[in-house]
Each structure stands twice: as structure tokens, then as C-alpha cells.
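# Remarks on the overall topology
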Amino acid sequence: MIDLSLKRPLIVFVLFSIIALLGLSSFGLLNINLMPKFETNFITIGTVYPGASASEVETSVTKKIEDALSSLENLDAMSSTSQEGYSMVTLELKSSANPTVAVEDAQRKINIILADLPQDVKNPVINKFSPSEMPIMKLAVTSEISPTDFYQLVDDRIKPELSKIQGMGQVTLLGGTKREINVNLDANKLHAYNISILQALAAIQKANQDYPTGKIEHADNQYTVRLAAKYTSLDDLRNTAIFVSPQGSTVRIKDVAEVEDGTIDLEQMSRLNGKPTIGISIQKQSDANSVEVAKAVKAALSEMEKRYADYKIHFAIATDSSEYTMESVNAVVEDLLLAILIVSVVCFLFLHSIRSALIVMVAVPLSMLPAFIFLYLFGYSLNVMSLMALSLAVGILVDDSIVVVENIYRHLEEGKSRLQAALEGSKQILGTAVSITLVITIVFLPLALTGGLIGSILREFALPLIISTLASLLVSFTLTPLLLSKFGRLENLNRPTLGNQFASMFESFYNHIKAFYHTALVWALNYGKKLSIGVLVLFIAVVSLLGAGFVGSTFIPDTDQGEFIIELEFAPQVTAVENNLISQKIETALLSRREIKKVMASIGSSTNILATSARNNISQFTVTMIGKSEREIAIAEYCKNLRTELSATYPGIKFRISPTTATGGAGTAPIQIAVKGTDYNKVVTTAALVKNVTLNTPGTIDVKYSVDDPKPEIKVSIDREKMAQLGLSIADIGSTMHIAYGGNTDSKYRVGSTEYDIRVRYDKFDKQNITDVENITFINDQGNPVSLKQFADISQTMGPSMLEHRDRNNSLTINANVVGRASGTVADEIKKSLNGKIPEGISIEFIGMVKSQGE
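Residue positions are counted from 1 within each chain, in the order its sequence is given. Totals for whole chains, interfaces and linings use all residues, but because this is a predicted model, local features are given only for residues with pLDDT of at least 70 and pairs of side-chain atoms are given and counted only at 80 or more. The basis for the side-chain values is all heavy atoms of the structure; hydrogens and waters are excluded.

## Here's the deal with helix 22 (residues 680–695)
By the criteria applied, helices consist of DSSP H or I runs no shorter than four residues and strands consist of E runs no shorter than two, each listed in order from the N terminus. Expected span of a helix: the number of residues minus one, times 1.5 Å. The end-to-end C-alpha distance of helix 22, which contains 16 residues, comes to 22 Å, matching closely the 22 Å that a straight helix rising 1.5 Å per residue would cover. Think of it in three bands: with a 1.4 Å probe and only protein chains considered, a residue is buried below 20% of the maximum accessible area for its type, exposed above 50%, and partly exposed in between. Those residues of helix 22 that fall on the buried side of the exposure criterion are Val683, Thr686, Ala687, Val690, Val693 and Thr694. Along helix 22, the residues classed as buried sweep out an arc of 125° about the axis, all on the same side. More than 90 degrees from the buried face of helix 22, the exposed residues found are Asn681 and Thr685. Side-chain atoms alone can form a polar contact between residues adjacent in sequence; in general such a contact is a pair of N or O atoms within 3.5 Å, and within protein one must be able to donate a hydrogen while the other accepts it. Residue Asp679 occupies the N-cap position of helix 22, its side-chain oxygen lying 3.0 Å from the main-chain nitrogen of Asn681. Arc definition: it is the arc formed by the directions from the helix axis to the C-beta atoms.

## Some remarks on the nonpolar core
As used here, the term nonpolar core means buried Ala, Val, Leu, Ile, Met, Phe, Trp, Tyr and Cys residues forming a set that is joined through side-chain atoms within 4.5 Å. Formed by 63 residues in total, the largest nonpolar core has its most connected members in Phe16, Met368, Phe372, Ile408, Leu465, Phe477 and Leu479. In terms of residues, this core owes the most to one element, helix 14 (residues 384–413), which gives 15 residues. We call two residues in contact whenever any of their non-hydrogen atoms come within 4.5 Å of each other. Apart from the residues within four sequence positions on either side, Leu465 is in contact with Ala389, Leu392, Ala393, Ile396, Ile440 and Phe444. The next biggest cluster of nonpolar side chains, apart from the first, holds 38 residues, and it includes Ile181, Ala203, Phe778 and Leu788.

## What to know about the packing of aromatic side chains
Between the rings of Phe, Tyr and Trp (Trp by its six-membered ring), a pair exists once the centres lie within 6.5 Å; its type follows the angle of the planes, with under 30 degrees stacked, over 60 edge-to-face, and the other angles tilted. Per the counting criterion, the structure on display carries nine aromatic pairs. Consider the rings of Phe564 and Tyr638, whose centres lie 6.0 Å apart with planes at 55°: the pair is tilted. Taken together, the residues span a long stretch of sequence, with Phe564 in strand 16 (residues 563–569) and Tyr638 in helix 21 (residues 635–649) at a distance of 74 residues. Among the aromatic residues, those joined into a cluster by ring pairs are Phe374, Phe378 and Tyr380. Distance and angle both matter: a charge sits over a ring if NZ of Lys or CZ of Arg is within 6 Å of the ring centre and within 35 degrees of the ring normal. Here the basic side chain of Lys691 rests over the ring of Tyr705, its NZ or CZ set 4.6 Å away from the ring centre. The ring of Phe846 carries the charged tip of Lys831 above its face, separated from the ring centre by 4.9 Å.

## What to know about the sheet that holds strand 12 (residues 257–263)
With respect to topology, four strands assemble into an open sheet ordered 12-7-24-23, the strand pairing being mixed. In this open sheet, the two strands that pair with only one neighbour each are strand 12 and strand 23 (748–751). Between one strand axis and the next, the sheet turns through 25° on average, direction left out of account. Strands qualify as paired when DSSP identifies two bridges or more between them. A fitted line through C-alpha atoms represents every axis, and for helices the fit uses only the stretch in contact; the resulting angles, taken between N-to-C directions, go from 0 to 180 degrees.

## Side note on the pairing of strand 16
Consecutive residues of a regular strand have side chains that alternate between opposite faces of the sheet. Counting buried positions along strand 16 gives seven out of seven residues, so the element sits mostly inside the fold. Of the two faces of strand 16, the one holding Glu563, Ile565, Glu567 and Glu569 and the one holding Phe564, Ile566 and Leu568 are both buried throughout. Of the strand pairs in this sheet, strand 16 and strand 19 (residues 654–659) are connected by six bridges, and their pairing is antiparallel. The residue bridging Leu568 from the neighbouring strand is Phe655, located in strand 19.

If you want it as C-alpha cells, here you go:
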């Protein structure tokens, strides 16, 4: 190899020209992301069951899905939550499992049980969780047109345009006022006309249909015949006949209901800095470049503002994780350039020659370029981990070349020619350089072969470093000897130049360092036993720091992105309107603080790295702070102080405040302790014990259960014998009550190519208290009215707002944030405190980040 490079320099030139060209091209094509792409071993199955209580969701949906998926291959753990109208089953797979294959298997198993699920249940939605698919931007859109027209404009035109951007994964609307046709039935009028809710609904559904009726043929032409009977105006809906009496009078919808061109119930809202908006969540494709997608979105927003100027549309960027991504990547690039500069200076100081230092520094870029080629070919990205690996590699990359250069110069000093010195000096040191390079490679190779979540992250750190190191060996024994054989020369330090004077001064300083090292080495050899004992004591002291808890452990270190998440949880019975009013007060207080620049509020919903929850009693604020240089407090400390202030001001609200994670969203609590067992009462008692221990462990805050407090509910217990005697069926009762209180939206009202829901339900006036429930009227098979209280016991009780399972057992999870200490250390202390206190038949399991850290 050395002979060939010296005798055939053109080959070396062509080889490294190709490497340089391919490397630079690959660098330009690489995606830029904050973190490496990695897939977690989590799969979620979400199922909507409108109007069902948590207990009904658990029995009719969650348990059936759990039973179906319990035999899934490579299943490690299963957990679930059942809440009002919604079931979420989470599968944790073994590290060796393929999540894509697991999703397909789970879909097949669920398809088998679809017929066993209740009729009103929506099809279960299976998602494979990937941090790379988290939203990268949140936009706030405002306009001066009517709220319903504005929502339709965003939904019909703006959202599709954003969806067409290359690399776009999903565009989700948050909040807004959507048009809906409301048919508000009057209970008293229905009773007066002896009409049931089911009859009114059936009349609307039958009158609002198009029918393809066939075709007619002529000698020369053929025509399709279609009956167009969809509603074309609200008057058509109002005049829909429910029935005609024997006397000939017709009872119409307008006689028993108010028909209004209204909006959907306001359950979720979005605001930016206190102003109502429609929020837009931007999610990229897993393989897309987050920075390029963000740039394309910004360009599209600017263009759409001009195009829709008549509507006075304005876009504001609430959050943009690509900015932090670029800041982080640029910071690492700066460190990389600084490292190259420092190495250049060190090479010059020791070699006393700019020419020789430049020859050595050729090794750095030429050794890095193959790493970019490798990253591109294997689908990796330019991220913090890969760039950090190259920063670390700078010092390693010049090692081989420095050793080769130094040995060649030694041969030059012996009077040999440049070609002979390059040939003999390189060959003499080849074995040593190969050994050095292979040792470094073997040290990092296990990181590249590590499996699981940690392996996915570290692989893009280890592999570029290994490729660069191996490339540096190639450079040092091909290009470096070649350049020295052409341009190498001995420097005459005796000439009275400024450079030579500086070199002489440095040599003098270096000789003093060598003399000191010689003295220290002689002492160490003379007092070997004392030195060994000292080293042993130092080693024990360092290890003791870990054991004593002075050096903690955590899965992911805290970062200061200048952004944090506030999650609010009200009492379960709080309405969306009450939630909104209190949230507005908190927003105003936040915006009055000097350190806070922007507040994006999502009322009625909350998003973390695993799932999005939608409930009337929760809200989430994404808060952007001023830059780190403009404030005197770190974000973690600021969050801790803010939580204390808000909790004192609003004692009835549970606050969870945490800095934004590396994935760009609200992370799950670092401490998660699942208490599980078959006896629910024992689970609750043990969970209280675990919560108390966690509260008393230093460093923990926001300690709470994973489920909400019980919420008031009206329980209807039917006497089946009376029901049968009165000529009613469970199906009629259930359907009637579901329509009355939840509403039915099967029928649509079409305007042009857009369809709006027609929601048929009781008027709000007829669904305010338990008496209204008792008096709801049914029409039996004989046509007579029957009220619910005639055959049922109606009582007000407290019911669970959420039920939780883990591994198909009853479960309750205690969540806690950690401030000022490492989460791993806190978890270890909790385990020690609970040792021997857990009753028989109950088990506890640390899950989430602490579990990943332990693995």
C-alpha cells in the first residue's frame, strides 16, 4: 500500500478526489435532525366508544382487546386505561421484536374480535410510537371572517396545501369552531305528540337520502336514474314529517324541535398569547429532514398569507423544534471546527513547520468524509450524536498521521532522501499505527452492536467514529507519506526568524516539561508500592461516589431549550367552560412575567410522547421563554418555582410543569411505579403506601396517581321484569338515552361538496339534572308513553373516571417528577424504602424512563 502510493501518486489523487466528491455530496444530502431516528418497542391501540362510562369501556372494549392481544408474539408487557368514551391499550414489545410486524399481527387479531365489540364502537386505531414522528411545529392561525367559515377555510384549503409539502407526515387541527346542524328536541313536545326520540331520528334519516335507482335505455342513448332526496335547505329538515295522524294532521320536526345552523359543542380550544386561534400541529415523516420540512412550511405560510389576504389570514409559529435542532447542530459544528483549529495549533507547535502541520491536518477532513458517505448510504442523519462523534474523533484522526510524520522526519534527520525517508519511515511504524487504530475501533464497536433503545441512539455515535478512525489509517499510510515525499523538509531553527525564535522558546518550555516528567517518573519507580496504594485508594474513592449517591444516574440529561410544558388537571366534574375561564386567568398571569415570551394554550387536551388525551378537565400550555443569555435562572429551577406559586394560588388544580424533552414535547414522568394485583382494594391501599414513600423521598415533586379522582355520575339500574311488562327492550332504552344525551350524527347536511353533521339530541334545557333523566319518555310496542322512573332506579353516585390495567391485572400507577437529583438515584431510594412493605399478592414495577435506564 505504501509502495503503491509513492510510486503511483495519481492513483492516490484519484482515490481521494472520489472520496472528497462523494463525501461532500453525501454531506449535502444528509437529513438534519436533533436526535438519531430510533423506534421504541411500544404499540398503542386507541378505541372510541362514544358516551360509554369508564366501567363500560373497560368491560366491553378494553378487556376484549387485551384478551385478543395477550398471545401476541414478543409481547413483554401490556397496560391499558379505560376512561369515559375511550380505551387505550399499550403494548410493550421485547427489544428483539420488529414493531412493524407486531403492528400487522395486532391488526389481524383485532379484526377477528371486531364483531364482538359494541355496535357504536369506532374501529380501533393501531399506532407504532416513534419519537421521530413527534410534531416539529405548532402554528396558530387567526382571521377576521366568521369562526365557522374560518374553520372550513383552514380545513378545506390550508390543511390540504400543507399536507402536500414534501416530507410532511400529518397535519392536525386543534380547536376551532366547526359548523353543525343542531336538531334540539323538546321533551315536553315529544311527550305531548306521543313521539319517541327514535321516531324523530328515523324520520330524518329516511328523508335525507339519495338513491341510485337504475338506468333507462334509448335506441341511441343510456341514462342513469338517481333520486336526489338529500336536504338542500334547513327548511327541508324542519318540514320533515314524522307521522300523519288519522285525522290527517302532520307532525313535523319543527313541531317538536328547534333546528339551528349552529356549531359543535366547544370542548377543545386553542389560544396563542391569550388570543383565540386554530392550532395546527405539523408532523413530519419519520425519514424526512425536520429542518427542510420546517423551512418549506414557513415558505408555504408566507405564500398563503398573500393568497388569502382578503380573508386577513395570519399565521404565527407557536413552537418550532427545528430552531433548537439547528442551534444544537451548529453548536456541535462550532465545537468541531474549534477542535480542528486547536489540533492545528498543537501540530504546528510540535512540528515547528506550517507546511508539516498542514500535511497532518489533511487527514482530518479526508478521514471525516467517508463517515458522511456511510451515514447517507445507511439512511442515518446528521444529528447531535453523529456530529459529537466526529468532534471526539478529531484528536484520534491526526494520531496516525502525526506518528507517521514524526518517524519520517527522524529518517530525514539521518540524511536520507525524502522518498526513502517516507518509504522506510512509514513501513517501520505501520504495525504500531494499525494496533493503535484497531484498539480504538474495538473500544467503540460494542456500542454499535448494542441492541434496544440505547443501541439505536448510540449506533449513530459509534459507527461514524469507527469509519473515520479506519479512514485515518488509510490516509496516514497513503496520502501522508506521498505529501511528505513531495513537500517535506527539515526546518533550520538556527535562522534568525520570528517563527524560529518562537519555536526555540517552545522547545525550551517543552524541555522543562520533559525534565519534570523525568523526575516524577524516577520517583514513581522508586516508590512503586506507595504509588499503587494511592491509586487504589483513589479508585475506591471514585467508586464510592457512585455507591453513596454523590454521582447520580438518569436516562436522559435535562436540557434547556427555553421551552416548558404546563399540564393542568382540574376536578373530574369541571366543565370545558370552567376549565377555559380559569385557564385564561393563568395565561394572563404567565404572559405578565418578564421571562415568558409566548404561551400556546390547548384547552381540553394534552399531548405527551406516547399519546394525546382529550378530556374536559385538562389543559396544556406550551411556554416559550426568553433566551438563556437574557435570564438569570435555569429552566428547571424556574419550573420548580412556578409550580410552587401556581399551586399556592390555585389549590384545587394539579399542576405538572416540566421542560420540553429532546423529542420536542412533554415527556412522561421520570418516576413511574405501577402497583398491580387481582384484588383492587389491595392495589388501592398499596398505591397509597407507595405514593406516601415517594412523596417523602428527596427530589420528588408532582407526585400523583395516574388516574383522576372519582367523578359524579347518574346510575340507572333497570328492573328487567317491569321493563318487559311495559313492552320495552334494552336496545330501545339504550338507543333512546344515547341519542338524548350524546346525540346522533349519522345524517349529513350537504352544502356543495362539503357535508356537515346533523346532530339530533335533547335540548340543553331537558338535560340538566337527575329529574330530567327520571322523566325521559319511551314509546312501547303498544304506542304508549313510559317514563324511565317507572321501571328503573336512578341514583347519583361516584364512579371511576379512569380504570387502569397492567398485564391484565388491576393497576394503579404513581407518577413523579424529579428536581435537583438524578431520577435513577431517586428510584433506587424508593425501592429501598419499599423493601419488605409490599403485601402478598401485590407487586410493584418501575416503568417508563427508569426501566429503560435500568435496561
